[in-house]
Each structure stands twice: as structure tokens, then as C-alpha cells.
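# Structure assessment
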Amino acid sequence: MIEKIIANGHPGAGTVALDIAIKLGIDHTGWCYANEMVPEKYDLQRLSEDAEMTPLAKAVEASDGSLFFTVEKGSPMAAEAVRKRTAQFNKPMLVVNLDQANAFGASRKIAEWIGENRIGCLHVDGAVNNAAFNAKVAGILEATFFLTMMNTGIGSPLASMVEKERIPGPPVPSPTSLDAALIHLEKELSLKDKATIANMVETELVSLHFTLGNYINNRFDLFSADSELLTDCRRRSGRWTLAPEETAAVIIRFLWEHLRETYRIRIIK
């Protein structure tokens, strides 16, 4: 499973990887020279021109493996530079030629390579920078991240929710609206759990009853006579006779629809 992304901030595959990391809440870092025009949002570490190690060397050394995207035939000079550093630090490297593989096939290949090499910290680089290339890399990386997280059955209990119920934390105010409940749950769920839910089919949501459903029933105010959350769930679902014990299923359904907007694996062409 990918836990951290490293890139140098150059426009192209590296910045695409950093943007995906920011979007999905994955830890990220990297290095660049002090005089390079790299957006501050990436929060990269800046090196002087006379630094002992180049940004590329530091990235390869700090990572568990390097992933390089290209559309060129053969092995471009940039890929050779990365290959030289991976050989120096004895790290695995995978070159993905987008002209020679379909996007979802590339995602599966990368996910398998990540698993086989036990890569938690991934260095991403590339030799091209244009809108079409960047969009394809973004789709492949998103699908790859989710595929590497889906290493347990889709209907498996949500480990983060089970742990929170086993070791209760300090009490928190119950959300008073459906939107507030969704924000609370998205914050509490792990990235893997969010991806798991988003990639379920609707009929599988019932499998969440004894994990996420229990969490909602135990932590949210649904059973008091003046529950604002229950009232809002009735209004949003259009079910004015919705019983408190049925409300967790409604919240889970709305959460599923919400998470699918960001965390669902999309088949890219």
C-alpha cells in the first residue's frame, strides 16, 4: 500500500503524483533546487546548487522504488538518469510506456509491482508534460492507489471503525445534520476504508451494518425524541416515518454516494 509519494515538482508526472497525493490525503515530499519555480503547495525541500546530492538522487534514496512514465519508444535520457540512481541505491524501478499499455492494465501492472516489491514510499517521475499525458497519468495513479488498498475482500469489516468501537475515544458532539454526519464519517474513516466503501456495489452496503452501522448508532444522536439528525435524514430521504433504527442505513447510503465522487476506481481509456 502506498503511504508516501516523492517527486521533484517538475511539471509532468511528478507534479501529477503530488496533486493526487494532496487530493487523497497521502503523505508526500520531495526536493528541488532553491531557484526552481515550484508551487509552494507541494512543500518541497529546497537545495542549494552546490548541494552534495541532486534532488533526483535524494528522491531515489529516500523511496522504496521509482515509477517512471513515458510515451517515447526506447528509454529516454530522463529514464536513464533515474535508472542510474536506482542502480546506485539498489532500488527497484518500473518504466510505464503509455503508448504500449491501456490505462487500467497499466494500473494493475503498477499495483502488482508495488506489492511484489513491498513499496510504501513511491518516487514518481516522467519524461513528458502535456495535458493529455498528465490526465492519463493522474487516472492511472488514482486507480493504482485504490488497487493497492483493496488487498482484502470488498465486504470486509472496516478495521478503523472496529478499532474505534473497541477502544472508545473521548466523546464528541453528535452531528445535527446529514451533511455534518458525512463530514464526520469521512474524517474518521481511513483512506482504505473510504476506497472500500466507494467501490462497493449497492447490494454490498448491508455488510457494513455491524461495523459502520454500529458506530453510527452508538456515536450519533438518533434515538432521542428531539433528534435533529433524525429529522434531517427523514427530510433528505423523503421518508418522514423513518425509524431511528433504520437511519444508519440511510446515512451509509448517502455516505456511499458521496465517497464515490472521489474514491471510486474509474476505468480510464
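A few points on the structure.

## Observations concerning the overall build of the chain
A count of helical and extended segments in the chain gives 11 helices and seven strands. Per-residue burial for the chain yields a buried fraction of 46% across its 269 residues. The long-range share in the chain, meaning contacts at least 24 apart out of those at least 6 apart in sequence, stands at 72%. Looking at the chain as shown, the accessible area adds up to about 13600 Å², and 52% of this sits on carbon and sulfur atoms.

## Let's talk about the pattern of salt bridges
With the rule as written, the count across this model stands at 10 salt bridges. Glutamate 40 is paired through a salt bridge with arginine 46; the nearest N and O atoms lie 3.6 Å apart. Measuring nitrogen to oxygen at the nearest pair gives 3.4 Å for the salt bridge that ties arginine 83 to glutamate 80. Of this pair, arginine 83 and glutamate 80 both sit in helix H3 (residues 77-88), three residues apart, which is roughly one turn of that helix. Assessed through its relative accessible area of 37%, glutamate 80 is described here as partly exposed. Bridged by salt links that share partners, the residues Glu202, Arg253 and Glu257 form one connected network.

## Comments concerning H3
Across its 12 residues, H3 extends 17 Å between first and last C-alpha, which sits within 8% of the 16 Å expected from 1.5 Å per residue. By the burial criterion, the buried members of H3 are Ala79, Val82 and Thr86. Looking down the long axis of H3, one finds its buried residues gathered within 65° of arc, a one-sided arrangement. Away from its buried face by more than 90 degrees, H3 exposes Met77, Lys84 and Ala87. Residues of H3 that are buried sit in contact with helix H2 (55-62), strand E5 (65-70), strand E6 (93-97) and strand E7 (121-126). Of the residues one or two after H3, asparagine 90 is the one with positive phi, at around 55°.

## Looking at the pairing of E5
Regular strands have side chains that alternate between both faces of the sheet. By the criterion of burial, E5 is predominantly enclosed, with six of the six residues buried. Side chains Gly65, Leu67 and Phe69 of E5 all project onto a buried face; the interleaved residues Ser66, Phe68 and Thr70 project onto the opposite face, where all are buried too. Of the strand pairs in this sheet, E5 and E7 are connected by five bridges, and their pairing is parallel. Each bridged residue has a counterpart across the sheet, and for glycine 65 the counterpart in E7 is leucine 122. The pairing of E5 with E6 spans five bridges and is classified as parallel. Paired with serine 66 across the bridge in E6 is methionine 93.

## Overview of the sheet that holds E5
Adjacent strands of a sheet pair through backbone hydrogen bonds, lying either parallel or antiparallel. Here we have five strands laid out as an open sheet, ordered E2-E1-E7-E5-E6, and parallel in their pairing. Among the strands making up the open sheet, the edge pair consists of strand E2 (27-29) and E6. For this sheet the average axis-to-axis angle between neighbouring strands, irrespective of direction, equals 25°. Taken together, the three bridges between strand E1 (residues 4-6) and E7 define a ladder with parallel strand orientation. The residue bridging isoleucine 6 from the neighbouring strand is histidine 123, located in E7.

## Structural notes on the packing of helix H1 (residues 13-24) against helix H5 (residues 131-149)
Running from N to C, H1 and H5 point in directions that differ by 45°, and their axes come no closer than 9 Å. As the angle between them shows, H1 and H5 are arranged oblique. For the crossing formed where H1 meets H5, the hand is right-handed. Residues Ala13, Val16, Ala17, Ile20, Lys23 and Leu24 of H1 form the contact with H5, whose own contacting residues are Phe133, Asn134, Val137, Ala138, Leu141, Glu142, Phe145 and Phe146. For the contact of H1 with H5, the class distribution of residues is 11 nonpolar, one polar and two charged.

## Let's talk about the packing of aromatic side chains
Remark: the centre distance and the inter-plane angle together describe each pair of aromatic rings, the angle taken between the planes. A complete count under the given rule lists one aromatic pair for this structure. Considering the side-chain rings of tyrosine 215 and phenylalanine 220, the 6.4 Å spacing of their centres and the 75° angle between planes classify their relative orientation as edge-to-face. Given the relative accessible area of 4%, phenylalanine 220 is considered buried.

Scoring rules and cut-offs
Going along each chain's sequence as written, the residues are numbered from 1 onward. Residues qualify for local features only when their pLDDT is at least 70, as the model is predicted, and side-chain atom pairs are given and counted only at 80 or more; totals for whole chains, interfaces and linings, by contrast, use all residues. Heavy atoms from the whole structure form the basis of all side-chain values; hydrogens and water molecules are not counted. Labels follow the DSSP assignment, with helices taken as runs of H or I lasting at least four residues and strands as runs of E lasting at least two, numbered in each case from the N terminus. The classification of residues rests on relative accessible area computed with a 1.4 Å probe and restricted to protein chains. Under 20% of the type maximum is buried, over 50% is exposed, and intermediate values are partly exposed. Residue contacts follow a heavy-atom distance rule, with two residues in contact if any of their heavy atoms lie within 4.5 Å. Residue burial considers only the protein chains on display, and all accessible areas are found by Shrake-Rupley using a 1.4 Å probe. One side-chain nitrogen of Lys or Arg within 4 Å of one carboxyl oxygen of Asp or Glu is enough to make a salt bridge. By this rule the span expected of a helix is its residue count minus one, scaled by 1.5 Å. Directions pointing from the helix axis toward each C-beta atom define the arc. Note: two strands are recorded as paired if DSSP finds a minimum of 2 bridges between them. To get an axis, a line is fitted to the C-alpha atoms, and for a helix only the part in contact is used. The angle between two axes follows their N-to-C directions and goes from 0 to 180 degrees. An angle counts as roughly parallel when it lies under 35 degrees, as roughly antiparallel when it exceeds 145, as roughly perpendicular when it falls between 65 and 115, and as oblique in every other case. Crossings are sorted by hand: turned counterclockwise from the far helix by less than a right angle, the near helix makes the crossing left-handed, and turned clockwise it makes it right-handed. Basically, the charged four are Asp, Glu, Lys and Arg, the nonpolar ten are Ala, Val, Leu, Ile, Met, Phe, Trp, Tyr, Cys and Pro, and anything else, Gly included, counts as polar. Centres within 6.5 Å are what make two rings of Phe, Tyr or Trp a pair, Trp counting through its six-membered ring; a difference in plane orientation under 30 degrees is then read as stacked, over 60 as edge-to-face, and the rest as tilted.

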